[in-house]
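The residues making up each chain are set out below.
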Amino acid sequence: MKNSKRVFFALRFDDNINNFLEDIQEKIARKSEKIRKVKTCNLHMTVKFLSNVNKEQVSYLKDLMEEYDYKKLKSQIIQYDFFDRARKNKLIYARLSSNYELDKIVDFFNIKTQNILKENKNRLYHITLARDCIIDCTQLKKLPKTGSFYFKDFVLYESIFNSKSVNYKILKKIDLENASSK
């Protein structure tokens, strides 16, 4: 689609959680034959992937972000797992716990964006940590989990692909650190 952007809504982490996740990536790398780690600056939990959208739709999505009544959003890592791709190279992820406020924000943006993308995939709150990973997946059970943590901010990202990696450009950001906890 010419003149379109690949965009998605995501929740990001503070530096403490990013550092913890970077340590987890290093532990996975030590146990892997092959790995392509997600850059620390790109770690996030996707709320809603919208694919290719035009300029007017991006404007709508930015305005939509102002409509939501944001609360502090909390989660924790409950397990590490993988999506088996071609039975060899795996996408490694950290699965996150669900809760009422997290479900509520996902539901809101799913409903409000149905005119752009009707598909609502089954909910699996997760953080992609590595791609193209060759590893004995029993090693994942030994990795440490986190206690509860709060998300730092809610963003509308644009995915920008180049020959070696994916980079994300923030189109709009909402700070959650000062959001209400009620």
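A. Representation of the overall build of the protein. In terms of regular secondary structure, the protein is built from three helices and 10 strands. Counting from the amino terminus, the protein carries its helices and strands in the arrangement β-α-β-β-α-β-β-β-α-β-β-β-β. The C-alpha radius of gyration computed for the protein amounts to 17 Å, which stays within 12% of the reference 16 Å derived for 182 residues, consistent with globular compactness. Oriented by its inertia axes, the alpha-carbon framework of the protein measures out at about 45 × 45 × 25 Å. Of all 182 residues assigned to the protein, the portion counted as buried reaches 43%. Taking as baseline every contact in the protein between residues at least 6 positions apart, the subset at least 24 positions apart corresponds to 78%. With the model as given, the accessible surface of the protein reaches about 10,300 Å², and the carbon-plus-sulfur share is 46%. Here the protein contributes 37 positive and 23 negative side-chain charges, whose respective centroids are spaced 4 Å apart.

B. Just the pairing of strand E7 (residues 126-134), in detail. Burial of E7 is extensive: seven of the nine residues sit out of reach of the surface. Across three bridges, the pairing between strand E2 (residues 34-37) and E7 is antiparallel. Each bridged residue has a counterpart across the sheet, and for arginine 36 the counterpart in E7 is arginine 131.

C. Region of the structure containing the sheet that holds strand E3 (residues 45-53). Here four strands make up an open sheet; going across it, the order is E3-E1-E9-E10 and the pairing antiparallel. The two strands at the open ends of the sheet, each matched to only one other strand, are E3 and strand E10 (166-175). Along the sheet, successive strands turn relative to each other by an average axial angle of 25°, direction set aside. Pairing geometry for strand E1 (residues 5-12) and strand E9 (residues 153-161), over seven bridges, is antiparallel. Its bridge partner being in E9, leucine 11 is matched across the sheet by phenylalanine 154. Contacting E1, E3 and E9, helix H3 (residues 100-112) crosses the sheet at an angle of about 10° to E3.

D. Region of interest: the packing of helix H2 (residues 55-67) against H3. In the contact formed by H2 and H3, the axes pass within 11 Å of each other and the chain directions differ by 140°. Our classification of the angle between H2 and H3 gives oblique. Two packed elements cross with a definite hand, and for H2 against H3 that hand is right-handed. Contacts from Tyr60, Leu64, Met65 and Glu67 in H2 reach Phe108, Phe109 and Lys112 in H3. In terms of residue class, the contact of H2 with H3 is made up of five nonpolar, no polar and two charged.

About the criteria used
Residues numbered from 1 in each chain as written. Predicted model: local features only at pLDDT ≥ 70, side-chain atom pairs only at ≥ 80, totals over all residues. Heavy atoms only, no water. Helix = DSSP H or I, 4+ residues; strand = E, 2+ residues; numbered from the N terminus. Rg over C-alpha atoms; globule rule 2.2 N^0.38 Å. Buried < 20%, exposed > 50% of the residue type's maximum accessible area, 1.4 Å probe, protein only. Contact = heavy atoms within 4.5 Å. Areas by Shrake-Rupley, 256 points an atom, 1.4 Å probe, with all protein chains shown as cover. Lys, Arg positive; Asp, Glu negative; His and termini not counted. Charge placed at Lys NZ, Arg CZ, Asp CG, Glu CD. Pairing = 2+ DSSP bridges. Axes fitted to C-alpha atoms, helices over the stretch in contact; angles between N-to-C directions. Parallel < 35°, antiparallel > 145°, perpendicular 65-115°, else oblique. Left-handed = near helix turned anticlockwise from the far one by under 90°. Nonpolar A, V, L, I, M, F, W, Y, C, P; charged D, E, K, R; others polar.

Remember, this is a structural readout, not a statement about activity or role.
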